[in-house]
Amino acid sequence: MVLKESGEMYLETIYVLSKEKGFVRAIDVGTELGYSKPSVSRAMGILREGGYITVDNDGGITLTEAGLEVAERTYERHTVLSDLFMRLGVDEEHAVNDACKIEHVISAETFEALKKHLKKYS
């Protein structure tokens, strides 16, 4: 199953919330993203069927190995790109918003080259 941008966003949000709170439920994800309960419920079903998350009897969402891999990759792209844009003088709000868009379309090759280049100036 190939994930679309929205699937990556959900997984990244679950990842961040699990780091912050430990226990993540669909309502937490919906609140964080500003999405309706039916939209989140549908997305959770798709992610569960795709093998990216598990949901326990208490509604707790856990990333599977595959889900964690996507979430960590997306989060790394987000943080590196946000940092780069802010170093270039972009205000934080715009840097974060632009990084959020780019993190889903940048190729692995370009992202790795960007990280390598940034290490030279760190």
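Below you will find a few notes about this structure. (Residues numbered from 1 in each chain as written. Predicted model: local features only at pLDDT ≥ 70, side-chain atom pairs only at ≥ 80, totals over all residues. Heavy atoms only, no water.)

## Let's talk about the environment of Tyr121
Stage number 1. Relative to the elements of secondary structure, Tyr121 occurs in the segment after helix H6 (108–120).
Stage number 2. Classification of Tyr121 as exposed rests on a relative accessible area of 60%.
Stage number 3. For Tyr121 and Arg77, which are 44 residues apart along the polypeptide, the C-alpha to C-alpha distance reads 18 Å. (Helix = DSSP H or I, 4+ residues; strand = E, 2+ residues; numbered from the N terminus. Buried < 20%, exposed > 50% of the residue type's maximum accessible area, 1.4 Å probe, protein only.)

## Quick word on the pattern of salt bridges
Any two side chains of opposite charge can pair, on the condition that their charged atoms come close.
Stage number 1. In the structure shown here, the tally under the stated rule is five salt bridges.
Stage number 2. Here Asp28 makes a salt bridge to Lys21, at a shortest N to O gap of 3.2 Å.
Stage number 3. For Asp28, a relative accessible area of 10% puts it in the buried group.
Stage number 4. Measuring nitrogen to oxygen at the nearest pair gives 2.8 Å for the salt bridge that ties Lys115 to Glu76. Taken together, the residues span a long stretch of sequence, with Lys115 in helix H6 and Glu76 in helix H4 (residues 65–87) at a distance of 39 residues.
Stage number 5. Members of the salt-bridge network, linked through shared partners, are Lys21, Arg25 and Asp28. (Salt bridge = Lys/Arg side-chain N within 4 Å of Asp/Glu carboxyl O.)

## Looking at the side chain of Thr13
Stage number 1. Relative to the helices and strands, Thr13 resides in helix H1 (residues 5–21).
Stage number 2. Taking relative accessible area as the criterion, Thr13 reaches 9% and is therefore assigned buried.
Stage number 3. Apart from residues no more than four positions distant in its own chain, Thr13 is found in contact with Val29, Glu32 and Leu33. (Contact = heavy atoms within 4.5 Å.)

## Observations regarding H4
Stage number 1. In this model H4 runs 33 Å from its N-terminal to its C-terminal C-alpha over 23 residues, within 8% of the 33 Å that 1.5 Å per residue would give.
Stage number 2. Buried within H4 we find Gly67, Val70, Ala71, Thr74, Arg77, His78, Val80, Leu81, Ser82, Leu84 and Phe85.
Stage number 3. Looking one or two places after H4, you find Gly89, whose phi comes out positive at around 105°. (Expected span 1.5 Å × (residues − 1).)

## Let's talk about the nonpolar core
Stage number 1. Residues Leu11, Val29, Met44, Leu47 and Ile53 are the most contacted members of the largest nonpolar core, which totals 18 residues.
Stage number 2. Counting residues per element, the ones that place at least two in this core are H1, helix H3 (37–49), strand E2 (61–63) and H4.
Stage number 3. A total of five residues in this core trace back to one element, the largest contributor, which is H1.
Stage number 4. In this structure, Phe85, Ala95, Ile106 and Leu118 belong to the second largest nonpolar core, which totals ten residues. (Core = buried A, V, L, I, M, F, W, Y, C linked by side-chain atoms within 4.5 Å.)

## Notes on the packing of aromatic side chains
Stage number 1. A complete count under the given rule lists two aromatic pairs for this structure.
Stage number 2. A ring pair is formed by Tyr15 and Tyr75, whose centres lie 5.5 Å apart and whose planes are at 55°; its orientation type is tilted. Remark: Tyr75 occurs in helix H4 and Tyr15 occurs in helix H1; sequence separation between them is 60 residues.
Stage number 3. Positioned above the aromatic ring of Phe111, the side-chain terminus of Arg77 is 5.6 Å from the ring centre. (Phe/Tyr/Trp six-rings, centres within 6.5 Å; stacked < 30°, edge-to-face > 60°. Lys NZ or Arg CZ within 6 Å of the ring centre and 35° of its normal.)

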